[in-house]
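Observations on the three-dimensional arrangement
Chain residues, written in single-letter form:
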Amino acid sequence: MEILKPAIAGTLESSDAQVTIEPGKAGIELTLTSSVMNQYGRQIRATILEALERLDVSNARVTVVDKGALDCTLKARVECAVFRSCGQSAANIPWGGVVR
Amino acid sequence: MSDTLSTISPHDLRGQRQVDALLMQEGIRRDGNLDYTCGLFNEDWKLIATGSCFGNTIRCLAVEREHQGEGLLNQVVSHLMEVQAQRGNTHLFLYTKPETVRFFRDLGFYEIARVENSLVFLENRRRGFSDYCAALKQTCREGASAAVVMNANPFTLGHLHLVESAAKAHEMVHLFILSEEAGPIPASVRRRLVLDGVAHLPNVVCHDSGPYIISGATFPSYFLKDEDTVIRAHAALDLEIFGKIAPCLNIRYRYVGEERSSRVTALYNQEMIRRLPSLGIQCRVIPRLEYGGQPVSASTVRSLIHDGHLQEIRPLVPKTTWDYFTSLEARPVIDAIRACEDVVHY
């Protein structure tokens, strides 16, 4: 999926994560800030990258401010930001396809 | 938990009064120019947290003392970031007091510069400012250089005189043209007129000022009226940031035009003379070029165009600027200047 315009999903509240995604050229440039970086930084990063890969996003600038979100939350926020960034958030969400 | 997050319109006098009271209680000065304000209200519809936007900045954030530590700031900032995203702004700036910086670091903001004991300026890109500096560095050459920052609205012989003075005295001159869209002459036109006007000077390199030099984010009072103390605070911050940009380009001198009419520029000059030396930069004030006993200024040029005396700008501007204003392409811009109520910089 190609990132067409900047989009944002999620909040900065506890147990949530705010994902900002912008068009990029040099692969995935991920900037991660997390309140539990020392404990779960690696897993959070892996979850984000996996969600992006599943959606076939290969070029994007991704900024995630994590406030202790569970993996399912992170995944949902990443998916939402990606769909918003290509104007697909109102309809055509591939439920049961790449989103499951 | 039944707090309600709500927009507070400028006409909601009760809400605005509560915002004023909360900001005052928390020792925060309300900015004169805000374009969006929201508040978090408790069950009794009492305001317990507030925040505002102006352009691509987030400002005037406060949380009622008894409710601090409940994560309310995060809710307010989340909401303001969503509002900004809808406006198409993802690169955001924020001011805060030095003692509260840590809260914003946790929200994904990074410090750019601080004015000791008064304010800290942050952005939400980890490498925003360092990327900007790295891009500038590519044009750096050996030896000390001079800098000129101008709005060039539009480029006049006065501006040219200033650039030429610097170019004569130094091997290298870095010329920053303000990127902010302000007023009837589009930034792209201002930029082009400068580039054409200094094309004959081989040791002048032009840069866009971007969001870090006299922009709506660092120096809003340059563009919109405000009080002297506010202008001085904004100028101090702007110069603090400039002090960080200067080493990337070996800038040791900054050339400024002497100012007699514009209050905001005069205050900015005063702050430069006072602060630049401590940042390792010498400030050189160049007397204004005069024509017919009057200083040549862009405000005068705009006034003449505004009043329909286009012919009279001829002795005040370089040929390149004159050619532009007499071209067909400039018609809409001239009409826009004529339609403005006030074209003189305050």
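Every value quoted in this text rests on a predicted model; they were computed, and no experiment measured them.

On the surface, A:Glu50, A:Glu53, A:Asp56 and A:Asp71 cluster together to form a negatively charged patch. Within the fold, A:Glu50 resides in helix H1 (residues 37-54).

Our next topic: the pairing of strand S6 (residues 110-115) of chain B. All names here are of chain B. Relative to strand S7 (residues 119-123), S6 runs antiparallel, the two being bridged by five bridges. When the bridges of S7 are listed, alanine 113 appears paired with phenylalanine 121. Linking S6 to S7, which pair antiparallel, is a turn of three residues; within it asparagine 117 sits at a positive phi near 65 degrees.

All names here are of chain B. Taken in spatial order, the seven strands make up an open sheet running S1-S2-S3-S4-S5-S7-S6, and their pairing is mixed. Edge positions in the open sheet fall to strand S1 (4-7) and S6, since each of these has one partner strand only. Across the sheet, the axes of successive neighbouring strands diverge by a mean angle of 20 degrees, strand direction being ignored. Sheet topology places strand S4 (residues 57-63) next to strand S5 (residues 93-96); two bridges connect them, and they run parallel.

What follows is about the pairing of strand S8 (residues 145-150) of chain B. All names here are of chain B. Counting buried residues in S8 gives six out of six residues, a clear majority hidden from the surface. Covered by surrounding structure in S8 are Ser145, Ala147 and Val149 together with Ala146, Val148 and Met150, the residues of both alternating faces. Where S8 meets strand S11 (residues 251-257), four bridges bridge the pair, whose relative direction is parallel. Directly across from alanine 146, in S11, lies its bridge partner tyrosine 253. Here S8 runs beside strand S9 (residues 173-177); their pairing, made up of five bridges, is parallel. Paired with alanine 146 across the two strands is valine 173, which belongs to S9. In this region the chain leaves S8, passes through helix H5 (residues 157-169) and returns to the parallel neighbour S9; the handedness of that crossover is right-handed.

Another point: the environment of B:Thr320. Topologically, B:Thr320 is positioned in helix H10 (residues 319-325). Remark: the alpha-carbon pair of B:Thr320 and B:Thr156, spanning 164 residues in sequence, is separated by 9.7 Å.

Let us look at unusual backbone geometry. With an omega of 0 degrees, the peptide bond between B:Asn153 and B:Pro154 qualifies as cis. Relative to the elements of secondary structure, B:Pro154 occurs in the loop between S8 and H5. With a phi close to 65 degrees, A:Asp56 is a non-glycine residue in the positive phi region. With respect to the secondary-structure elements, A:Asp56 resides in the loop between H1 and strand S4 (60-66). Residue A:Asp56 is classed as exposed on the basis of its relative accessible area of 55%. Here B:Cys60, not a glycine, exhibits a phi torsion of approximately 55 degrees, which is positive. Secondary-structure assignment places B:Cys60 in strand S4. By relative accessible area, which is 8% here, B:Cys60 ends up buried.

So, on to the side chain of B:Arg190. All names here are of chain B. The residue arginine 190 is located in helix H6 (residues 187-197) in this model. Lacking a salt bridge, the buried arginine 190 has glutamate 181 as its closest oppositely charged neighbour, with an N-O distance of 5.5 Å. Within the structure, arginine 190 has its side chain in polar contact with the backbone oxygen of leucine 178 (distance 3.0 Å). Side-chain polar atoms of arginine 190 contact the backbone oxygen of glutamate 180, separated by 2.8 Å. Once you skip the residues sitting within four places of it in the chain, arginine 190 turns out to touch Asn151, Ala152, Asn153, Ile177, Leu178, Ser179, Glu180 and Ile185.

The next subject is the pattern of salt bridges. All names here are of chain B. Within this structure, the stated rule accounts for 22 salt bridges over all chains. Two residues, aspartate 35 and arginine 87, come together in a salt bridge whose shortest N-O distance is 3.0 Å. Linking aspartate 35 in the loop between helix H1 (13-25) and strand S2 (36-41) with arginine 87 in the loop between helix H2 (72-86) and S5, this pair joins segments that are 52 residues apart in sequence. For aspartate 35, a relative accessible area of 40% corresponds to the partly exposed category. Given a relative accessible area of 34%, arginine 87 falls into the partly exposed group. Here the salt bridges share partners, and the residues they tie into one network are Arg232, Glu271, Arg274 and Arg275.

Our focus in this paragraph is the confidence of the model for chain B. Put simply, chain B has an average pLDDT of 91, and 100% of its residues get 70 or more. For chain B, strand S14 (residues 294-295) of chain B is the element with the lowest average pLDDT, namely 87, and S2(B) is the one with the highest, namely 96.

Residue and element names in this part refer to chain B. The biggest cluster of nonpolar side chains holds 41 residues, and the ones touching the most others in it are Phe176, Ile241, Phe242 and Ile245. Contributions of two or more residues to this core are made by S5, S6, S7, helix H4 (128-137), S8, helix H7 (228-245), S11 and helix H8 (263-275). Examining the composition of this core, we find that eight residues originate from one element, H7, more than from any other. Membership of the second largest hydrophobic core comes to 38 residues, among which are Ala166, Leu201, Ile286 and Trp322.

About the thresholds
Residues numbered from 1 in each chain as written. Chains lettered and ligands numbered in written order. Predicted model: local features only at pLDDT ≥ 70, side-chain atom pairs only at ≥ 80, totals over all residues. Heavy atoms only, no water. Patch = residues over 30% accessible without salt bridge, like charges linked within 9 Å, V, L, I, M, F, W, Y side chains within 5 Å. Areas by Shrake-Rupley, 256 points an atom, 1.4 Å probe, with all protein chains shown as cover. Salt bridge = Lys/Arg side-chain N within 4 Å of Asp/Glu carboxyl O. Lys, Arg positive; Asp, Glu negative; His and termini not counted. Charge placed at Lys NZ, Arg CZ, Asp CG, Glu CD. Helix = DSSP H or I, 4+ residues; strand = E, 2+ residues; numbered from the N terminus. Pairing = 2+ DSSP bridges. Axes fitted to C-alpha atoms, helices over the stretch in contact; angles between N-to-C directions. Buried < 20%, exposed > 50% of the residue type's maximum accessible area, 1.4 Å probe, protein only. Right-handed = clockwise from strand over helix to strand, strands pointing away. Polar contact = N/O pair within 3.5 Å; in protein donor to acceptor, adjacent residues only side chain to side chain. Contact = heavy atoms within 4.5 Å. pLDDT = per-residue confidence, 0-100. Core = buried A, V, L, I, M, F, W, Y, C linked by side-chain atoms within 4.5 Å.

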